[in-house]
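# Summary of structural features
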Amino acid sequence: MAPERDPARVERGPAGATATTRPRVRLDQPRPPRRRILPEWDPEAFGRLSERIARFLGTGRFIVWMTIVIIVWVLWNIFAPRDLRFDNYPFIFLTLMLSLQASYAAPLILLAQNRQDDRDRVNLEQDRKQNERSIADTEYLTREIAALRIGLGEVATRDWIRSELQDMVKELEGLRDDHVVFPAERSRGRDVDDR
């Protein structure tokens, strides 16, 4: 008679040092999203935004607008009625705003430069590979041209054939002049032979 199986033991997973207590994760299915404390952002979108800002900060338009804002700020805080002024003479709030703008502008510009460096590196790598292919193609074509030149050295050219034909024509003309048999003499000779 077979011993009875304990149902609790059958449902339990493997036991021992190599047994895992975590449920098996399927690799063909995505993991469920986890809650995060910090917000997530697309690094590419953030990089594109930083490049746009860096491009704007490097234009004359930005300098003109920044100069206008600073002049209006200073003039307002000097000539406006006292109760409408928001930043008196040492312009500490203006200094704070410019420092804040600079503290954000510098990292954004550096981020844009890093992205540009990455693009330049990729372009240089592609250019290097293209140059290697061009050099290989040039070397191949050079070898082919050399082989054709060697092959043409053994092939009769038009000028060579022409000169050979002219030599043969001269030779035939020389033979003809030596053994000229006029048709009248030839027919007389036959008549003599026939008689």
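What you are looking at is a predicted structure, and each value in this text was computed from that prediction instead of being measured.

## Overview of the pattern of salt bridges
Opposite charge on two side chains permits pairing when their charged atoms draw close. One pass over the full model with this rule turns up eight salt bridges. A salt bridge links E51 to R119; the shortest N-O distance between them is 2.8 Å. One end of the pair, E51, is in helix 2 (residues 43–57); the other, R119, is in helix 4 (residues 92–153), with 68 residues separating them in the sequence. Residue classification places E51 among the buried residues on the basis of a relative accessible area of 8%. Where E125 meets R128, a salt bridge forms, and the shortest distance between an N and an O atom there is 2.5 Å. Of this pair, E125 and R128 both sit in helix 4, three residues apart, which is roughly one turn of the helix. The class of E125 is partly exposed, set by a relative accessible area of 33%. Taken together, the shared-partner salt bridges in this structure form one network comprising E44, E51, R55, R115 and R119.

## Digging into the packing of aromatic side chains
Summed over all chains, the structure comprises four aromatic pairs. Centre to centre, the rings of F56 and F62 are 5.6 Å apart; their planes meet at 75°, and the pair counts as edge-to-face. Classification of F56 by relative accessible area gives partly exposed; the value is 36%. A relative accessible area of 17% places F62 in the buried class. Between Y89 and F91 the ring centres are 6.0 Å apart and the planes differ by 65°, which places this aromatic pair in the edge-to-face class. By relative accessible area, F91 is classed as buried at 12%.

## Brief notes about the confidence of the model for the chain
Averaged over every residue, the pLDDT of the chain is 82; residues scoring 70 or more account for 80%. Summarising per-element confidence for the chain, the mean pLDDT is lowest in helix 1 (residues 7–11) (49) and highest in helix 3 (residues 60–79) (95).

## Regarding the side chain of R115
In this structure, R115 sits in helix 4. According to the relative accessible area criterion, R115 is buried, its value standing at 16%. In this structure R115 touches P43, E44, G47, R48, S50 and E51, once residues within four positions along its chain are discounted.

## Observations regarding helix 2
Between its terminal C-alpha atoms helix 2 stretches 21 Å, which fits the 21 Å expected from 15 residues at 1.5 Å a residue. Turning to helix 2, its buried residues are G47, S50, E51, A54 and L57. Seen along its axis, helix 2 keeps its buried residues to an arc of 125°; they face one direction. For helix 2, exposure combined with an orientation more than 90 degrees from the buried face picks out R52 and R55. As for helix 2, its buried residues are in contact with helix 3 and helix 4.

## A closer look at the packing of helix 2 against helix 4
Contact geometry for helix 2 and helix 4: axes closest at 8 Å, N-to-C directions at 110°. When the axis of helix 2 is compared with that of helix 4, the two are roughly perpendicular. The interaxial crossing formed by helix 2 with helix 4 has left-handed handedness. Seen from helix 2, the contacting residues are P43, E44, F46, G47, R48, S50, E51, I53, A54 and L57; seen from helix 4, they are Q101, A105, L108, I109, L111, A112, R115, Q116 and R119.

## Quick word on helix 3
Between its first and last C-alpha atoms helix 3 spans 28 Å; for 20 residues at 1.5 Å apiece the expected length is 28 Å, and the two agree. Among the residues of helix 3, F62, M66, W73 and N77 are the ones counted as buried. Each buried residue of helix 3 sits inside an arc of 30° when the element is viewed along its axis, so together they form one side. Residues of helix 3 that are exposed and point over 90 degrees away from its buried face: R61 and F79. Looking at the buried positions of helix 3, the neighbouring elements they touch are helix 2 and helix 4.

Definitions and limits used
- Residues numbered from 1 in each chain as written.
- Predicted model: local features only at pLDDT ≥ 70, side-chain atom pairs only at ≥ 80, totals over all residues.
- Heavy atoms only, no water.
- Salt bridge = Lys/Arg side-chain N within 4 Å of Asp/Glu carboxyl O.
- Helix = DSSP H or I, 4+ residues; strand = E, 2+ residues; numbered from the N terminus.
- Buried < 20%, exposed > 50% of the residue type's maximum accessible area, 1.4 Å probe, protein only.
- Phe/Tyr/Trp six-rings, centres within 6.5 Å; stacked < 30°, edge-to-face > 60°.
- pLDDT = per-residue confidence, 0-100.
- Contact = heavy atoms within 4.5 Å.
- Expected span 1.5 Å × (residues − 1).
- Arc of directions from axis to C-beta.
- Axes fitted to C-alpha atoms, helices over the stretch in contact; angles between N-to-C directions.
- Parallel < 35°, antiparallel > 145°, perpendicular 65-115°, else oblique.
- Left-handed = near helix turned anticlockwise from the far one by under 90°.

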